[in-house]
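A closer look at the structure
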Amino acid sequence: MKPEQISAIAHLARLSMDEAEIPRYQQSLASILSFVSDLERAQTQNVQPMAHPLPGLVQRMRPDLATETDAHERYQANAPQVAASLYLVPKVIE
Amino acid sequence: MSLHTKSLAQLAAGLRAREFSSVELTRTLLERIEAHQEQLNALITVTAPSAMQAAAVADGVLARGGGGPLTGIPLVHKDIFCTEGVRTTCASRMLDNFVAPYDATVVAKLKAEGMIMLGKTNMDEFAMGSSNETSFYGPVRNPWNPQLVPGGSSGGSAAVVAARLAPFATATDTGGSIRQPAALCGVTGFKPTYGRVSRYGMIAFASSLDQGGTLTASAADAALVLRAMAGFDPRDSTSVDRAVPDYVAALELPLAGMKIGLLKEFFEKGLDPDNERCVRDALAVYEKLGATLVEVSLPNLGLSVPAYYVVAPAECSSNLARFDGVRFGHRAKEPKDLMDLYKRSRGEGFGAEVKRRIMTGTYVLSAGYYDAYYLKAQKVRRLIANEFDQAFAQVDVVMGPTTPTPAFELGSKTSDPITMYLNDIYTIGANLAGLPAMSIPCGFVQNLPVGLQLIGRHFAEERLLSAAHAYQRETDWHTRVPAGYE
């Protein structure tokens, strides 16, 4: 994997990465991808991909009703920066 | 017999007979934690004042003749479970300052039973690791030998139970994170069927694999707490709506006539000969008890680790997207714009292994690679699940080793991720197929415990617990306590 590819994946994953870290990821990702390439050995024609480990279960639905009481103050107690019940982030629109 | 070595049933009986109070029991265990924490580093947070208060309340309930079989008994929670008003870190710098605003369903259920939380246990960061060395708070040490790892990711939970600092620790298992540390620390680890225990408030790693479970000294103890933890939860979309059997009553299910499948692939290359000897001795005990051994084969089982290291990182990269420095968790200082805020908060907040998995997951899900990796892995997952189905058409329980070797030295496997990943070679299959599985102590190699793994059909918790209980009535491996912790 090229350094540019590592930087591109890091960008997609929203991870800061300094130049010095890139070779380490090049090496470990290459070794992981080579390891998982063993999957190619398996005969998987006509095999249904398995997204859920229990057979026959369907996604459960619930009535569209408000069930939670307003607890935003409790939840926002963990926020790094809040004002007027809003989460603050750096300016997005100039 | 000292308080700290009693079984849960003995503790319940003692509390009810007023032989000792919950306050005395709680104080005893808190003193043990204080005495051993520096050596083991098994806990991230100790909640002594609230534990003492809750114990006093429990004593009041018991004095009035109220409460249930777990009232007044202490436990510890893996720090992946949200605990209202108590710091919940997932062993990550990202959540170092996070105080959970609500209880996980598991936490709420055990609290409602009157159990006393002593603290939160150390673990691999976001449950990603097999040695507890990826924790932001430093590694946990194995009570059997402090130079060795306790296993992971539930290493703190396993070490606490092994050192008899608490009779029960909650834990989670995505690829072996309950069973592997149970094996390396010489305790009983139980991973229920996927969907049996609610995931609500359990910080998500890989949602199609994650399952909460127990670490206890014995299968009888596991049955008691699992009965309280399990059950349908409308707040978890994959929770299964199915009645919870009486796991304690099921312990006495007869063993005679049970067919045990020996998984051929579990006994091939890579298995330490001494580990194999302990496992084979355990199987001989089962034969003596009237079970029949049958060899079964899962030809694609060898692909379970590669399939897992596509599926789990893919799901982790999605689940961990929520940690962005905006609503909770670590935020980088003086971000120059929103992108910088996201990237540096995540870059600083996550440790090396977590970032490696997010990177792997992002790559396998990225445009052009999805079919080759994620879809292929999901198909292989189906093949492995089908092979387990075929095996269970012939046998009641599959048995084999939990790990290839006993506990290994701190730092010995951290340089190469694949070496570390292969620790879970025997445990991952049960997660991919969603099957219940457990590890029980079955002997020692050079004074280090070895685990026997039992895997059952979906929702065959009773069969597994009774099989483990039958073995533990014949043997005393599960009662051994490491030197210095007696």
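Residues numbered from 1 in each chain as written. Chains lettered and ligands numbered in written order. Predicted model: local features only at pLDDT ≥ 70, side-chain atom pairs only at ≥ 80, totals over all residues.

Notes on the overall build of chain B
This is how the line gets drawn: We count a stretch as a helix when DSSP gives it H or I for four or more residues in a row; a strand needs E for two or more, and each element gets its number in order from the N terminus. To get the radius of gyration, use the C-alpha atoms; to get the globule rule, take the number of residues to the power 0.38 and multiply by 2.2 Å. To sort residues by burial, count the other C-beta atoms lying within 10 Å of each one's C-beta; a count of 20 or more means buried, 12 or fewer means exposed, and anything in between means partly exposed. C-beta atoms are built from the backbone.
A tally of helices and strands in chain B yields 16 helices and 11 strands. What you see for chain B is a C-alpha radius of gyration of 21 Å, in line with the 23 Å of a compact globule of 486 residues. Based on the C-alpha atoms only, the size of chain B along its principal axes is roughly 65 × 55 × 45 Å. Of all 486 residues assigned to chain B, the portion counted as buried reaches 62%.

Details of the overall build of chain A
Scanning chain A from N- to C-terminus turns up three helices and two strands. Going residue by residue from the N terminus, the α and β elements of chain A occur as α-α-α-β-β. Taken against the 2.2 N^0.38 rule, which gives 12 Å for 94 residues, the C-alpha radius of gyration of chain A at 22 Å runs more than 25% over that of a compact globule. In terms of overall dimensions, chain A has C-alpha extents of about 55 × 50 × 25 Å along its principal axes.

Re helix α1 (residues 3–12) of chain A
Just so we agree on the cut-off: The directions considered for the arc run from the helix axis to the C-beta atoms. Once C-beta atoms are placed from the backbone, any two residues with those atoms within 7 Å are in contact.
Regarding α1 of chain A, the residues found buried are Ile6, Ile9 and Ala10 of chain A. With its buried residues spanning 100° around the axis, α1 of chain A presents them on a single face. The elements touched by buried residues of α1 of chain A are α2 (22–36) of chain A together with α12 (352–365) of chain B. Within two residues after α1 of chain A, Arg14 of chain A carries a phi angle of roughly 55°, on the positive side.

Points about the interface of chain A and chain B
Note the following rule: Residue classes follow a fixed rule: Ala, Val, Leu, Ile, Met, Phe, Trp, Tyr, Cys and Pro count as nonpolar, while Asp, Glu, Lys and Arg count as charged, and any other residue, Gly among them, counts as polar.
Of the residues lining the interface, 40 residues belong to chain A; the matching set on chain B comes to 54 residues. When residues of the side of chain A that touches chain B are traced back to their parent elements, those giving at least two are α1, α2 and α3 (72–76) of chain A. Looking at the side of chain A that touches chain B element by element, the count peaks at seven residues for α2 of chain A. Of the residues belonging to the side of chain A that touches chain B, the class tally is 27 nonpolar, eight polar and five charged.

Overview of unusual backbone geometry
For the bond from Gly152 of chain B to Ser153 of chain B, the omega torsion is 10°, close enough to zero to count as cis. One non-glycine residue, Arg14 of chain A, adopts positive backbone phi at about 55°. Position of Arg14 of chain A among the secondary structure elements: in the loop between α1 and α2. When the 20 C-beta atoms within 10 Å are taken as the criterion, Arg14 of chain A is described as buried. Unlike most non-glycine residues, Asn41 of chain B shows phi in positive territory, near 55°. Asn41 of chain B gets classed as buried once you count the C-beta atoms within 10 Å, which come to 21.

Notes on the pairing of strand β11 (residues 448–456) of chain B
Residues and elements named next belong to chain B. Convention followed: Strand pairing is assigned whenever DSSP identifies at least 2 bridges connecting the two strands.
Burial of β11 is extensive: nine of the nine residues sit out of reach of the surface. On β11, burial covers both faces: Leu448, Val450, Leu452, Leu454 and Gly456 on one face and Pro449, Gly451, Gln453 and Ile455 on the other are all buried. When strand β9 (residues 397–401) meets β11, the two strands line up antiparallel, connected through five bridges. Directly across from Val397, in β11, lies its bridge partner Gly456. Both strand β10 (residues 437–445) and β11 contribute to a ladder of seven bridges, which runs antiparallel. Bridged to Val445 within β11 is Leu448. Between β10 and β11, which pair antiparallel and follow one another directly, the connecting turn spans two residues, one of which, Gln446, has a positive phi of 45°.

A closer look at helix α1 (residues 8–16) of chain B
Residue and element names in this part refer to chain B. Residues of α1 that are buried include every one of Leu8, Leu11, Ala12 and Leu15, and no others. Looking straight down α1, one finds that the buried residues subtend no more than 100° of arc, so they occupy a single side. Turning to α1, the residues buried within the fold contact α2 (22–40), α3 (48–63), β4 (168–173) and α7 (219–229). One or two positions beyond α1, positive phi appears at Arg18, with a value near 60°.

Side note on the environment of Ala243 of chain B
Inspection of the secondary structure assignment puts Ala243 of chain B in the loop between α7 and α8 (247–250). Taking the number of C-beta atoms within 10 Å as the measure of exposure, Ala243 of chain B has 8 and is therefore exposed.

A closer look at the pairing of strand β3 (residues 116–121) of chain B
Residue and element names in this part refer to chain B. Basically, it comes down to this: The crossover handedness rule: strands pointing away from the viewer, path from first strand over the helix to second strand clockwise, crossover right-handed.
Judged by how many residues are buried, β3 sits mostly within the fold: six of six residues are covered. Looking at chain direction, strand β2 (residues 74–78) and β3 are connected through five bridges and run parallel. Bridging from a neighbouring strand, Pro74 pairs with Ile116 of β3. Remark: the β2/helix α4 (residues 105–112)/β3 crossover connection has right-handed handedness.

Any link to function would need more than the numbers given here.
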